[in-house]
Amino acid sequence: MSLRKGKTKTTLEASTNSALLAVEIYNKPRTTFRSEAYISLMIIAWTRLFHAHFNNIIGNKYYYKGKNGRYILVDGDRKAWNLSTCIKKYGRLKQSVSSNLEFFIKLRNKIEHRHIDKREIDTLIFGECQSLLYNYENLLIELFGSQY
C-alpha cells in the first residue's frame, strides 16, 4: 500500500516500535512491571496504528473539536482521538477484536490510575495478551501490507 509521506509513515513506525518494545519487555520473565508495560505500550501501538490509518485516508482530521468548531488543545497540541474513539470511527473490527481492545483499555486505565495486585493479572491474561498482539498484526497487515 502506498503511504502518504511524512506523518503517516512516522506514526506507523512509532506504532510498530511500540509493539516491538511491548513484546521485548513481556518476554523478559524477570522484569518487574512487565504486564503493565506490555499493556500500556500495546495500547499506544494500537492508537498510533489507527492514527496512521486515518492520516493516510482522511489526512490530518483525527482530532477532537469543541462546540465552537475549533480543535481542542492539550498542552498546546491538538487532542487526537483516543483508542475507543478510533475503534468507533473505524467501525470494521470484528466484535471479538473490539472486545479484546476494550478489555485492555479498561485494564490500562486501571494500571494508570489505580493499583493492581500483580497476582491479579499476570497469569490470568496471558491468552488475552497474545490475542492483542495477534489482532494488532492482522490489522497492521490489512491496512498497510505485509511489508510492515
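The structure reproduced in this document is the subject of the present report.

**Quick look at the pattern of salt bridges**
Counted under the stated rule, the structure contains two salt bridges. Residue K28 pairs with E24 through a salt bridge whose shortest N-O separation is 3.9 Å. Residue E24 is classed as partly exposed on the basis of its relative accessible area of 44%. Its salt-bridge partner being R108, residue E112 comes within 3.4 Å of it at the nearest N-O pair. With E112 and R108 both in helix α4 (residues 95-113), this residue pair falls four residues apart, about one helical turn. You can call R108 partly exposed: its relative accessible area is 23%.

**Here we look at helix α2 (residues 34-58)**
An ideal rise of 1.5 Å per residue puts 36 Å on 25 residues; α2 measures up with 35 Å between its terminal C-alpha atoms. Counting buried residues in α2 gives 19 out of 25 residues, a clear majority hidden from the surface.

**Digging into the packing of aromatic side chains**
Using the criterion set out here, one finds ten aromatic pairs in the structure. Aromatic side chains F50 and F54 sit 6.2 Å apart centroid to centroid with 20° between the ring planes, which places their arrangement in the stacked category. Placement of the pair is F50 and F54 together in helix α2, with a separation of four residues, close to one helical turn. Just as F50 is buried, F54 falls in that class too. Note on F54: relative accessible area 4%, which makes it buried. Members of the aromatic cluster, connected to one another through ring pairs, are W46, F50, F54, W81, Y90 and Y136. In this structure, K65 is placed above the aromatic ring of Y71, and the distance from its NZ or CZ to the ring centre is 5.0 Å. The ring of Y71 carries the charged tip of R78 above its face, separated from the ring centre by 4.8 Å.

**What to know about the environment of V23**
Along the chain, V23 falls in helix α1 (residues 7-26). Once the C-alpha coordinates of V23 and K61 are considered, the two residues, 38 residues apart in sequence, prove to be 30 Å apart.

**A word on α1**
Taking 1.5 Å per residue, 20 residues should reach 28 Å; α1 reaches 28 Å between its end C-alpha atoms and fits that length. Along its buried surface, α1 packs onto α2 and α6 (126-144).

**Here's the deal with the environment of L83**
Relative to the assigned elements, L83 resides in helix α3 (residues 83-90). It is 7.9 Å that separates the C-alpha atoms of L83 and F50, two residues lying 33 residues apart in sequence. Among residues more than four places away in sequence, those in contact with L83 are I43, W46, T47, F50, L101 and I105.

Quick notes on the rules
- Residue indices follow the written sequence of each chain, beginning from 1 at its first position.
- Under the rules for a predicted model, residues below a pLDDT of 70 receive no local features and side-chain atom pairs below 80 are neither given nor counted, while totals for whole chains, interfaces and linings still include all residues.
- Think of the side-chain values as coming from all heavy atoms in the structure, minus any hydrogens and water.
- Any Lys or Arg side-chain nitrogen located within 4 Å of an Asp or Glu carboxyl oxygen qualifies as a salt bridge.
- Residue exposure (1.4 Å probe, protein chains only): buried if accessible area is under 20% of the type maximum, exposed if over 50%, otherwise partly exposed.
- Numbering goes from the N terminus for both helices and strands, where a helix is a DSSP run of H or I of at least four residues and a strand is a run of E of at least two.
- What a helix is expected to span follows from its residue count: subtract one and scale by 1.5 Å.
- Any two of the Phe, Tyr and Trp rings considered here, Trp counted by its six-membered ring, make a pair once their centres fall within 6.5 Å; the pair's planes then place it as stacked at under 30 degrees, edge-to-face at over 60, or tilted in between.
- In our convention, an over-ring charge means Lys NZ or Arg CZ found within 6 Å of a ring centre and within 35 degrees of that ring's normal.
- Contacts are assigned to residue pairs with any non-hydrogen atoms lying within 4.5 Å of each other.

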